Amino acid sequence: PDWLLRVFKGWGDPCPITPNFDGLSIEWTDPSFVNPPYSNPEPWVDRAIEEHKKGKLIVMLLRVDPSTKWFFKLQVAGAHFFTYLGRLRFIDRSPPFASVLAILSD
């Protein structure tokens, strides 16, 4: 949503919606806002945790799914979770689930 993009304006975005761009193979900036594919967030979560260990502030927009391995990894890494009440409305479509901001910070 536009309001959320405004909050993170100027932050690095290693996961833009751009063909032929591999955000998993580049150095992430500090801070970074990551909106990974909801269908396969685990490699992005793994990378976010690595980048956080380098001292970087990483915020991820993810689906709320505490039953998954990747969600547990974020918990173990000390992420803070901020849920959005209801469902986020995107310009082209709305996901059929609730979303969460997972924040990896010191």
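These notes cover the structure that comes with them. (Residues numbered from 1 in each chain as written. Predicted model: local features only at pLDDT ≥ 70, side-chain atom pairs only at ≥ 80, totals over all residues. Heavy atoms only, no water.)

Side note on the sheet that holds strand S3 (residues 80-83)
Judged by pairing direction, the sheet is mixed, and its four strands sit side by side in the order S1-S2-S4-S3 without closing on themselves. Two strands bound the open sheet, and with one partner strand each, they are strand S1 (32-34) and S3. Taken pair by pair, the neighbouring strands of this sheet meet at an average axis angle of 20°, ignoring direction. In terms of strand pairing, strand S2 (residues 58-63) meets strand S4 (residues 99-104) through six bridges, oriented antiparallel. Across the sheet, the residue bridging to Val59 is Ile103, located in S4. Here helix H2 (residues 42-53) sits on the sheet in contact with S1, S2 and S4, set at roughly 160° to S2. Sheet strands touched by helix H3 (residues 69-76): S2, S3 and S4. Its angle to S2, the strand with the most contacts, is close to 150°. (Pairing = 2+ DSSP bridges. Helix = DSSP H or I, 4+ residues; strand = E, 2+ residues; numbered from the N terminus. Axes fitted to C-alpha atoms, helices over the stretch in contact; angles between N-to-C directions. Contact = heavy atoms within 4.5 Å.)

Examining the nonpolar core
In this structure, Val34, Val45, Ile58, Met60, Leu62, Leu74 and Leu104 are the most contacted members of the largest nonpolar core, which totals 17 residues. Sorting the residues of this core by element identifies H2, S2, H3 and S4 as the ones contributing at least two each. For this core, the leading source of residues is H2, giving four residues. Residues in contact with Val34, not counting those within four places in the same chain, are Pro14, Cys15, Trp28, Trp44, Ile58, Val59, Met60 and Leu61. Within the second largest apolar cluster, eight residues are counted, among which are Phe33, Tyr38, Leu101 and Ile103. (Core = buried A, V, L, I, M, F, W, Y, C linked by side-chain atoms within 4.5 Å. Buried < 20%, exposed > 50% of the residue type's maximum accessible area, 1.4 Å probe, protein only.)

Section: the pairing of S4
For S4, the tally of buried residues reaches six of six residues, placing the bulk of the element in the interior. Neither face of S4 is open: one carries Ser99, Leu101 and Ile103, the other Val100, Ala102 and Leu104, and all of them are buried. Strand direction decides the pairing type here: S3 and S4, joined by four bridges, are antiparallel. Paired with Thr83 across the strands is Val100, a residue of S4.

Details of the packing of H2 against H3
Interhelical geometry of H2 versus H3 gives an angle of 10° and a closest axis separation of 9 Å. Regarding the angle of H2 to H3, the classification is roughly parallel. Where H2 crosses over H3, the two elements pack in a sense that is left-handed. Every residue of H3 that contacts H2 at Glu42, Val45, Asp46 and Ile49 is listed here: Lys69, Trp70, Lys73 and Leu74. Broken down by class, the residue content of the contact of H2 with H3 amounts to four nonpolar, no polar and four charged. (Parallel < 35°, antiparallel > 145°, perpendicular 65-115°, else oblique. Left-handed = near helix turned anticlockwise from the far one by under 90°. Nonpolar A, V, L, I, M, F, W, Y, C, P; charged D, E, K, R; others polar.)

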